[in-house]
Amino acid sequence: MLDVQNVSKNYTLGKTLIPALRGVSFTLEQGQFVSIMGPSGCGKTTLLNILGCIDQPSDGRVLFRGTDIRNLTDNQRTDTRLDQIGFIFQSFNLVPVLTAAENIELPLVLAKVPKQQRKARVQELVELVGLGDFVKHKPDELSGGQRQRVAIARALVNRPTLIIADEPTANLDSETGEAILQAMARLNRQEGVSFIFSTHNPDILQYATRHIRLKDGLVVEDQLVDQVADSLASQSSSQSIDQNPQGSTP
Amino acid sequence: MMLIKMTLWGLVQHPRRTALILFSVAISVFFMEIFAGMGQGIRTNFFQNILAEGGHGQIRGAGWQDQYDPRSLGSALTQTTDLVDLLRSQPELAYAEPLLEYGSVFITPENYTIVLNTIGVQADTRVFPKVTSGMVSGSFLPTANDHGGSGNAGPGNTSDQAVISRALGDFLNLEVGDLIRLITEDFRGAPRSRTFTIGGMFSTDSREFDTSTVFVPLEAARTMVRIPNGATQIRFTLTDRGLAPGFTEHLAAQVQQHDGSIHHWRDLNEGMLMLVDMTDVFIWVFNLIMMIVAATVITNAILMNVFDRMGEFGTLRAIGMRKAKVFGMVLLEGSFLGVLGSLLGVAIGIPVILYFQEHGLDFGEVSESLGMGSMFNFGFSPARSLADFVAGSLTALLGSLYAGILVFRTSIVDALKD
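Worth saying up front: this structure is predicted, and the values here are computed from it rather than measured. (Residues numbered from 1 in each chain as written. Chains lettered and ligands numbered in written order. Predicted model: local features only at pLDDT ≥ 70, side-chain atom pairs only at ≥ 80, totals over all residues. Heavy atoms only, no water.)

Colleague: Teacher, can you tell me more about the packing of aromatic side chains here?
Modeller: How two aromatic rings sit relative to each other is set out by the distance from centre to centre and by the angle between their planes. By the definition in use, this model includes 16 aromatic pairs over all chains. Ring centres of Phe33 of chain A and Phe195 of chain A lie 5.3 Å apart, and the angle between their planes is 45 degrees; this geometry places the pair in the tilted category. Here the residue Phe33 of chain A occupies a position in strand β3 (residues 33-37), and Phe195 of chain A occupies one in strand β8 (residues 194-199), the gap between them amounting to 162 residues. A residue is classified by how much of its surface remains accessible, and Phe33 of chain A, at 1% relative accessible area, is buried. Centre to centre, the rings of Tyr355 of chain B and Phe356 of chain B are 5.3 Å apart; their planes meet at 80 degrees, and the pair counts as edge-to-face. Classification of Tyr355 of chain B by relative accessible area gives partly exposed; the value is 45%. An aromatic cluster is present here, built from Phe128, Phe140, Phe202, Phe209 and Phe215 of chain B joined pairwise through their rings. Against the face of Trp265 of chain B rests Arg241 of chain B, its NZ or CZ located 5.7 Å from the ring centre. (Phe/Tyr/Trp six-rings, centres within 6.5 Å; stacked < 30°, edge-to-face > 60°. Helix = DSSP H or I, 4+ residues; strand = E, 2+ residues; numbered from the N terminus. Buried < 20%, exposed > 50% of the residue type's maximum accessible area, 1.4 Å probe, protein only. Lys NZ or Arg CZ within 6 Å of the ring centre and 35° of its normal.)

Colleague: Would you mind showing me how to read the side chain of Glu167 of chain A here?
Modeller: Position of Glu167 of chain A among the secondary structure elements: in the loop between β7 (162-166) and α6 (174-191). Excluding residues that lie within four positions of it along the chain, Glu167 of chain A makes contacts with Lys44, Gln90, Ser198 and His200 of chain A. (Contact = heavy atoms within 4.5 Å.)

Colleague: Would you mind showing me how to read helix α4 (residues 115-129) of chain A here?
Modeller: Residues three or four positions apart in an α-helix share a direction because the helix packs 3.6 residues into each turn. Between its first and last C-alpha atoms α4 of chain A spans 21 Å; for 15 residues at 1.5 Å apiece the expected length is 21 Å, and the two agree. Downstream of α4 of chain A by one or two residues, Gly130 of chain A has phi in the positive range, about 75 degrees. (Expected span 1.5 Å × (residues − 1).)

Colleague: Is there a simple way to think about the layout of surface pockets in this case?
Modeller: Gaps between atoms show up when a probe of the same size as a water molecule is rolled over them. Of the volumes computed, that of the second largest pocket is approximately 730 Å³. What lines the second largest pocket is a set of 30 residues, among which Phe89 and Asn93 of chain A together with Val413, Leu416 and Lys417 of chain B lie closest to the centre. Counting only elements with at least two residues in the lining of the second largest pocket, the list comes to α1 (44-51), β6 (85-88) and β7 of chain A together with α12 (310-318) and α16 (412-417) of chain B. In terms of residue class, the lining of the second largest pocket is made up of 12 nonpolar, nine polar and nine charged. (1 Å grid on protein atoms, 1.4 Å probe; cavity = no way out; pocket = protein on both sides within 12 Å on 5 of 7 lines; lining within 4 Å. Points joined across faces, edges and corners; volume = space filled by probe spheres on them. Nonpolar A, V, L, I, M, F, W, Y, C, P; charged D, E, K, R; others polar.)

What follows is the structure, given as structure tokens:
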């Protein structure tokens, strides 16, 4: 689904060229649940931005479903993000004026989905992420866990093939963070959506089926952990996030 | 609906900033309205007052424009009847009337000398509507039929009645029925005097005009300056003032044969028209300055809104909103403020204009010196108000353009950092 070929990314700081990524290569298959780990400044967010078509590599290629994203126009990349990719941000990045339901519905509005279908899909996701009676609440009336559930539902609403989550649990307490990871793992299995999430918390790595470790802009480790994921999958199905629908305030 | 809600969120979030933008747009549009009202008033005054008195054209004696003294009788017309008949034979003519205007001196009982502009007019004159409709005592020059008089010389006869202003009467301690003796030079330079009975007093909105003008019957004036059938000018109005240039051109040669020259209102009021045009230019420049100031305030305030919401715009772009739509959201915000502010400006401006249209604004000698009277009535034009509303709205739109371009150019990654 995703083929990353020798991707480099440089930033300029004044007259200094700072390499954020230095020839990263890997492929991602449909349905994988991938963690990207590494210390601060190793290039995790830069890599996720490039994979999510919101940034361009300085060198190398990223093929998304066979298409080199550098060859796409800005509108084509925007449409790709809308139709194929969901984003979950560390700070939730919800629109403050919209209710939880409206935040979830927003990508459907941008995709010009008819109202009836939008409402049905939003209801489906509200139940899936366990938002319960909080759909009419605005983000500032929700806890951190609830906000991230809204963000997950928003990322899923257009039935993307890939969800990119940049440190999705960083602003949550450990219990809520774990519940969010469990939810993502469950959705990965149920909806067949691929997830790539970045983290520097080793405790949540257990949920991933593949670990990619970055250091100084390079992939230093790329490991499949199917057997671990299988055991966690059975555990997560019994500890559904529905048991903790409101989450807790970070 | 959702997008509109998002667009206008920034306005609700920052009420002071929103109020500042609304105020700057509203105040700009308000002043544009007021100045437009003044401009409209100047035009209205010009066409209603100056053209009503000066007519759409005048026939003057040949060489009139070269005279050093405008009251000199040296270029007076002597074949007035022929010229009036010539005008009246034209189908475009609505009205024509001869006037005999000259300077005369009045010596007060205290031996003060006052120079008065003496105007010999027909009793049924139509070229001084402010005077004939502004009689405060007595009546305007009565016709011979009013008293059954014969027009013979001597106080008491209709031909020896004069009309002065109330202001002049008060200054000279004169009342209706009192006598005034006017001294002048006839067309040969010989001194002449004649006594008139004050038949009426008028009052207009121009004190300068009131205190320097005396009206006497045309025939009496002719007798006094010894120019039978004479006039210093023949004022005429046409069925349409737009016909005046062609009309005067058509008659120029024939008028010249009678030792006259014919002029249309544009020629006669060249200076005034230039002033009216300059007023328009001044209003445009003023409006432009107002718009630039408003646009700067709006740009600044919307930029602050945009910087506050840059992360939100980044998120919207990341989840699939096209650049153009985000750009449109910023412009919509500016347009909304522009429309609302302009509506406020127009809503405040129109009642003020209507008030000054009804009651006028006293500009004193400034407008008197332009021949428009001291009270200056504003003019209201719905089309102009609409234009001000559109200008205000467009200014806000232009003001938000820079902020929109900034958002358009900011990368998603940079926007998400905010």
